[in-house]
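The chain contents come next:
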Amino acid sequence: MNSDIVLSITNATKRFGPVLALNDISLQARRGEVLALLGDNGAGKSTLIKCISGVHQIDEGQITIDGIATSIRSPVDARAAGIETVYQDLALFDNLTPAQNFYAGREIAGPSWLPLGLRFLNSRRMEAETARVLDRLKVILPSKEATVALMSGGQRQAVAVARASVFARKVVILDEPTAALGLREARKVLDLVAQLRAEGNAVILITHNMEHVTELASRAIVLRQGRKVGEIIPSKTNQQELVSMIVGA
Ligand SMILES: Nc1ncnc2c1ncn2[C@@H]1O[C@H](COP(=O)(O)OP(=O)(O)OP(=O)(O)O)[C@@H](O)[C@H]1O
Ligand SMILES: [Mg+2]
């Protein structure tokens, strides 16, 4: 069903000097599905999602969103197109609270020339909205006023995924969201991913954890040395086969 395709990438190429990080990549992500992106270290996974989220630009190829050719020149463009990303290196502001992190750069707070009273009201609104979202996603934090610097890896990851879930309208990209987490914290993040999918987003999940792939992803794309070497249905793919596809044995 073509109308389910939210994001489509066609023949994308990305070079870093002599390194061909993406070599003729095509993929489609559909509403209400988790698409896994698999590949060994250096395969090009993060580069690919950074080209979707506006951190990098593809050198050749095309990106369409809801069937419309779209040039994503910056993270602001990507957000405006309904794409939210949780990066591998997380990108939360340590010295800010969850609410301040949620709205950093989105400014419900308003300009600094606003009277202090009004700015205070807006900051109360952001806190209330953030608390509502964290409750809905069942994210439990020691204190909502504490800065994220004081949180555990899992709590930080949950805040980052929750933030993406608030602003995503079409596509959510998660680059190894459970990599540094214990079992219980990983479970919480996986539940959030399932929820993002249930809300109708196209979710692109990068992970090295095959159990997570089998649990959540209806399809997976395998990259090796910048090339797409396979597109599979995880539940129907032999693990051994998948591993040799990834490492190229
Ligand atoms: N900003 C950059 N400048 C130059 N080369 C880069 C840059 N970013 C990535 N590369 C190169 O592009 C290739 C793909 O890297 P990428 O980070 O996309 O891999 P990855 O699949 O995400 O790996 P990992 O599983 O280790 O996170 C690597 O050879 C890497 O060195
Ligand atoms: Mg990476």
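One can find the structure itself at the top, above this paragraph.
So, how was this worked out
- Residues numbered from 1 in each chain as written.
- Chains lettered and ligands numbered in written order.
- Predicted model: local features only at pLDDT ≥ 70, side-chain atom pairs only at ≥ 80, totals over all residues.
- Pairing = 2+ DSSP bridges.
- Helix = DSSP H or I, 4+ residues; strand = E, 2+ residues; numbered from the N terminus.
- Buried ≥ 20, exposed ≤ 12 C-beta atoms within 10 Å, placed from the backbone.
- Contact = placed C-beta atoms within 7 Å.
- Axes fitted to C-alpha atoms, helices over the stretch in contact; angles between N-to-C directions.
- Parallel < 35°, antiparallel > 145°, perpendicular 65-115°, else oblique.
- Nonpolar A, V, L, I, M, F, W, Y, C, P; charged D, E, K, R; others polar.
- Core = buried A, V, L, I, M, F, W, Y, C linked by C-beta atoms within 7 Å.
- Near = placed C-beta within 6 Å.

1. A word on the sheet that holds strand β1 (residues 5-16)
Here comes step 1: The sheet built from four strands is open, its strands ordered β2-β1-β4-β5 with antiparallel pairing. Strands at the two margins of the open sheet, each flanked by one partner only, are β2 (19-30) and β5 (68-69).
Here comes step 2: Of the pairings in the sheet, the one linking strand β4 (residues 60-65) to β5 comprises two bridges and is antiparallel in character. Each residue of the ladder has a partner; that of T64, found in β5, is A69.

2. Quick look at the pairing of strand β8 (residues 202-206)
Strand residues, when the strand is regular, have side chains that alternate between the two faces of the sheet.
Here comes step 1: By the criterion of burial, β8 is predominantly enclosed, with five of the five residues buried.
Here comes step 2: Every second residue of β8 is oriented toward a common face, with A202, I204 and I206 on one face and V203 and L205 on the other, all of them buried.
Here comes step 3: As judged from the five bridges shared by strand β3 (residues 33-38) and β8, these two strands associate in the parallel manner. Directly across from L35, in β8, lies its bridge partner I204.

3. Quick word on the environment of H212
Here comes step 1: As for its position among the elements, H212 is in helix α7 (residues 210-216).
Here comes step 2: Given 20 C-beta atoms within 10 Å, H212 falls into the buried group.
Here comes step 3: Separated by 25 residues in the primary sequence, H212 and R187 place their C-alpha atoms 9.5 Å from one another.
Here comes step 4: When near neighbours in sequence (up to four residues on either side) are disregarded, H212 contacts T178, L190 and T207.

4. Brief notes about the packing of helix α5 (residues 153-167) against helix α6 (residues 183-198)
Here comes step 1: At a closest axis distance of 9 Å, the pairing of α5 and α6 adopts a crossing angle of 5°. Between α5 and α6, the angle falls in the class roughly parallel. Contacts between α5 and α6 pair G153, G154, Q157, A158, V161, A162 and S165 from the former with E185, K188, V189, L192 and L196 from the latter.
Here comes step 2: Tallied by class, residues from the contact of α5 with α6 come to six nonpolar, four polar and two charged.

5. Some words on the sheet that holds β8
Here comes step 1: Strands sit in the order β6-β7-β8-β3-β9-β10 across an open sheet of six strands; the sheet is mixed. Each edge of the open sheet is held by one strand with a lone partner, namely β6 (83-86) and β10 (227-232). Across the sheet, the axes of successive neighbouring strands diverge by a mean angle of 20°, strand direction being ignored.
Here comes step 2: The sheet contact formed by β3 and strand β9 (residues 219-224) spans four bridges and is parallel.

6. Things to note about the nonpolar core
Here comes step 1: Core analysis: the biggest nonpolar cluster contains 59 residues, and I52, V171, I204 and L205 have the highest contact counts within it.
Here comes step 2: Apart from residues no more than four positions distant in its own chain, I52 is found in contact with L7, I63, I72, A78, I83 and I173.

7. Focus: the site of ligand 1
Here comes step 1: Taken together, the residues surrounding ligand 1 are F16, V19, A21, G39, N41, G42, A43, G44, K45, S46, T47 and Q88.
Here comes step 2: Where the shell around ligand 1 is concerned, the elements lending two or more residues are β2 and α1 (45-52).
Here comes step 3: When residues of the shell around ligand 1 are assigned to their parent elements, the largest contribution, three residues, is made by α1.

Purely spatial values, then, with no claim about function.
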